[in-house]
Amino acid sequence: MIDWRERKPYWRHTKWQMVATLVPFLILLIVVPLYADVLNVRRVIGIPLGYFLCLHVFLIVAIFVIASFVNRQDAVDHWHGANEDL
Amino acid sequence: MAFMRRNRLVNPRLGTYFSIFTSLFVGAVMLGLMTQELHLDRRLAAVCIVGIPLLAILALAFATRTDMAFDYFAAGRRVPAFFVGLGSAIGTLGATGFIVFPGALMIMGVDAFVLIYGWITGLIFACVLIAPFLRKVGSFTLPSYFYERFSSRTLRVAAAAIIVVPLLAVIAAEARLAGRLASQLFLLPPAVALALVLGIPTVIAVLGGLRALTWTSAAQGIIALLSVLFVTTVAALMLSQLPLPQITHGSAVREIAQKDALRVVQEGAASPLALQWAVLREEFLGRKYLDAFTSIGWLAFPLTTLVLAAGVAGLPHGLMRHGSTPGVYDARKSHGWAVVIVALVLITLAASVGLWRGLVMTDIVGQPRAAAPAWVASLRDLGILYIRAPTGPAAIDLGQIGVVRDKAFLGLAVSAGLSTSLVLLLAFGAIAAAMVAVGAALHTLATTVSEDIVFGLGRTPPSDKVRVLTAQGLAGVAGILGFVVAALPADPLQLILAAVTLSASSIFPVLVLSILWRRMTWWGALMGLLTGFGLAAAGLLVSKAGVLALAAPLPAVIALPAAAIVAIVASYTSRSAGRGNLELLRDMRVPGGETIRDRTERQARQKDLAR
């Protein structure tokens, strides 16, 4: 169980982890579709680049973001002793 | 319960059981294909592909029936992350994802990617901002969580009343989509098909609550996932001799782009805040597929994405499912699995639409009507595709080809010449996905009404048996109510968007503030909920009446921040939360330790025994 003195640092660390997870992802989410038309003139493995970024790359990045969040947050939990005993 | 090891909580034979189910399903499909190859009665294929798996699902529901409150409301908190994620993914997508999204993509082009971004980002929002904290509190319903957090019965009842509306909309939309499909494919009267699509999840919810729904959702999720993956892969192999259509459909998209470049299209870019969804009737394929911001303006696109994400994250039937995981870490992991499965389904559906559109551009566009391939007649007979071109030597233009939004998902399978059994399999996958969504929403609705409205006002909590019986009865009532609402004429996509708008405006901001901000009070939460709900509902009604062109979910762009601001101001103007509430907030922010609700129940039981 978490030590009483670790609660505030733990919550601060958790909030920063939330920001570090969501902000870059949201920037990518908003910015990339705005340039999809311009990027479609180029191709990657035969697929128009804008389409490839908006579909394939977006989904891969989303999976990476959530997987890294789950692992990073678990590491934060263990660092501060806030992890579950299971 | 909370201090047992995770590996002791989870049934070690789950993999075996679901492998058996998957093998049974694959065997049933192969049997259906064989009956077709042998030119036996067509209904036999339907019995094999649909009937056998449905019987297996009902048998699973019967085997997992329960009358214990902890199993009924929380599935014993022993469901592994993968199974929760699978049910959550398929439930989040529902028939909207499997049926409406391909049609919207075919008609709107890449603007329909806003739905992909909304679903995926919504699951990420839920994982990061909401679900782990709700799991630590361990409440069975969202209003119960608000009661634990703020100790206010008024807030509890008001939240329950507000939550009922989007849940009913989800039930109606999903049941309507699946019922219409079942009616057309199996030649059933519409009312009978609707009753079946609603009746099966209702029976499952009554028999075993969240426990039965979780395991049957996993089975239905396997059906939905395998059907869409298998049929799309077979169609891709037949068309391009290449597997993995998720990657190899790029050549079809490239050809579409090359052919679109030679076309002159009258419609230009949409205005920045324009939002024109594909509608229920047939729409003609005028727009260029890869041209962005032709249906949705460049400003409306990111706003719609964020609002859809907030709405998906706030939908109660998605959030409470994660309470069945063994712990907070598993609740986060289950969202990870949900994102993986949603991504796989959506990229496969996008590939199927890309391949079909490429086929349409190659085989129909530029040809005279008499030279159109035979599958065009099949698509016309099924009511999927229409050609508005005169018969004669004139070449067909893409703008003369019309597609029906809610049937377009079958287009590739029919065009590629797949057997009727495979088309049936794809449709059954969509119906299975709808039943997962309907079941989750039904159970959440029944549990919310029973726990928070019927028993929420009372001082003495009832016995577990009474709670379960009441929830079971209300699940049946919810099924009947869902039938009545689903029978009303409405566009299912607009119903889902309305549900998401209401959820994004009222539930999401109040939930997030209640977790992240310690100064939040019950009065602020109540005002936030009412403001968000009121503004969103007003926006939807005003848009429906034609007074303002503010298509769903754009009203939430105003309602969500307004709800947050009102919640903050109202919290500052009311007395701050008591010490007990702040202790709970501190406790729920830490994953370690016992689930708060379970600890409260255990202490209450010990007190009763001591007396």
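Rules and cut-offs
- Residues numbered from 1 in each chain as written.
- Chains lettered and ligands numbered in written order.
- Predicted model: local features only at pLDDT ≥ 70, side-chain atom pairs only at ≥ 80, totals over all residues.
- Heavy atoms only, no water.
- Helix = DSSP H or I, 4+ residues; strand = E, 2+ residues; numbered from the N terminus.
- Rg over C-alpha atoms; globule rule 2.2 N^0.38 Å.
- Buried < 20%, exposed > 50% of the residue type's maximum accessible area, 1.4 Å probe, protein only.
- Contact = heavy atoms within 4.5 Å.
- Areas by Shrake-Rupley, 256 points an atom, 1.4 Å probe, with all protein chains shown as cover.
- Lys, Arg positive; Asp, Glu negative; His and termini not counted.
- Charge placed at Lys NZ, Arg CZ, Asp CG, Glu CD.
- Pairing = 2+ DSSP bridges.
- Axes fitted to C-alpha atoms, helices over the stretch in contact; angles between N-to-C directions.
- Expected span 1.5 Å × (residues − 1).
- Left-handed = near helix turned anticlockwise from the far one by under 90°.
- Nonpolar A, V, L, I, M, F, W, Y, C, P; charged D, E, K, R; others polar.
- pLDDT = per-residue confidence, 0-100.
- Buried area = accessible area lost by both parts, 1.4 Å probe.
- Salt bridge = Lys/Arg side-chain N within 4 Å of Asp/Glu carboxyl O.
- Polar contact = N/O pair within 3.5 Å; in protein donor to acceptor, adjacent residues only side chain to side chain.

Within chain A, the secondary structure is distributed over three helices and two strands. Helices and strands in chain A line up, N terminus first, as α-α-β-β-α. Relative to the 2.2 N^0.38 estimate, which gives 12 Å for 86 residues, the radius of gyration of chain A is 18 Å and therefore markedly larger than a compact globule would have. Considering chain A as a whole, with its 86 residues, one finds that 47% of them fall into the buried category. Considering only contacts in chain A between residues 6 or more positions apart, those separated by 24 or more positions represent 55%. Carbon together with sulfur atoms contributes 67% to the accessible area of chain A, which is approximately 4700 Å² in total. Positive and negative side-chain charges in chain A, numbering 8 and 7 respectively, have mean positions lying 10 Å apart.

Residues and elements named next belong to chain B. Taken together, three strands build an open sheet; the order of strands is E1-E3-E2 and the sheet is antiparallel. Across the chains shown, the open sheet's two edge strands, defined by having one partner strand only, are strand E1 (282-284) and strand E2 (385-387). Strand-to-strand twist of the sheet, defined as the mean angle between neighbouring strand axes without regard to direction, takes the value 30°.

Moving on, we get to helix H17 (residues 420-454) of chain B. With 35 residues, H17 of chain B ought to run about 51 Å at 1.5 Å a step, and its terminal C-alpha atoms sit 48 Å apart, in line with that. For H17 of chain B, the tally of buried residues reaches 31 of 35 residues, placing the bulk of the element in the interior.

Moving on, we get to the pairing of strand E3 (residues 401-404) of chain B. All names here are of chain B. The side-chain alternation of E3 yields two buried faces, one formed by Ile 401 and Val 403 and the other by Gly 402 and Val 404. Both E1 and E3 contribute to a ladder of three bridges, which runs antiparallel. Note that in E3 the partner of Phe 284 across the bridge is Gly 402. Pairing between E2 and E3: three bridges, direction antiparallel. Considered in E3, the bridge of Ile 387 is made with Ile 401.

Residue and element names in this part refer to chain B. Contact geometry for helix H7 (residues 142-150) and helix H19 (residues 492-516): axes closest at 12 Å, N-to-C directions at 35°. Crossing of H7 against H19: the hand is left-handed. Touching Leu 142, Tyr 145, Phe 146, Arg 149 and Phe 150 of H7 are Ile 507, Val 510, Leu 511, Ser 514 and Ile 515, all from H19. Among the residues making up the contact of H7 with H19, the classes are represented as eight nonpolar, one polar and one charged.

Let's shift gears to the confidence of the model for chain A. The predicted model of chain A averages 92 in pLDDT, with 99% of residues at 70 or higher. Looking at the elements of chain A, mean pLDDT is at its lowest for strand E1 (residues 43-44) of chain A, recorded as 88, and at its highest for helix H3 (residues 49-80) of chain A, recorded as 96.

Interfaces are often described in size by the accessible area the parts lose on coming together. Between chain B and chain A, the residue contacts involve 57 residues of the former and 41 residues of the latter. Contact between chain B and chain A buries roughly 4300 Å² in total, counting both sides, with carbon and sulfur atoms accounting for 74%. For chain B, the biggest contributors to the area lost against chain A are Tyr 117, Val 128 and Arg 332 of chain B; these three give 14% of the whole. Counting across the interface, chain B meets chain A through one salt bridge. Asp 77 of chain A is paired through a salt bridge with Arg 332 of chain B; the nearest N and O atoms lie 3.0 Å apart. Here chain B is connected to chain A by ten residue pairs in polar contact (both at pLDDT 80 or more). Put simply, the parts of the chain that give the side of chain B that touches chain A at least two residues each are helix H6 (113-137), helix H10 (245-248), helix H11 (250-261), helix H12 (300-314), helix H14 (328-363), H19 and helix H22 (579-588) of chain B.

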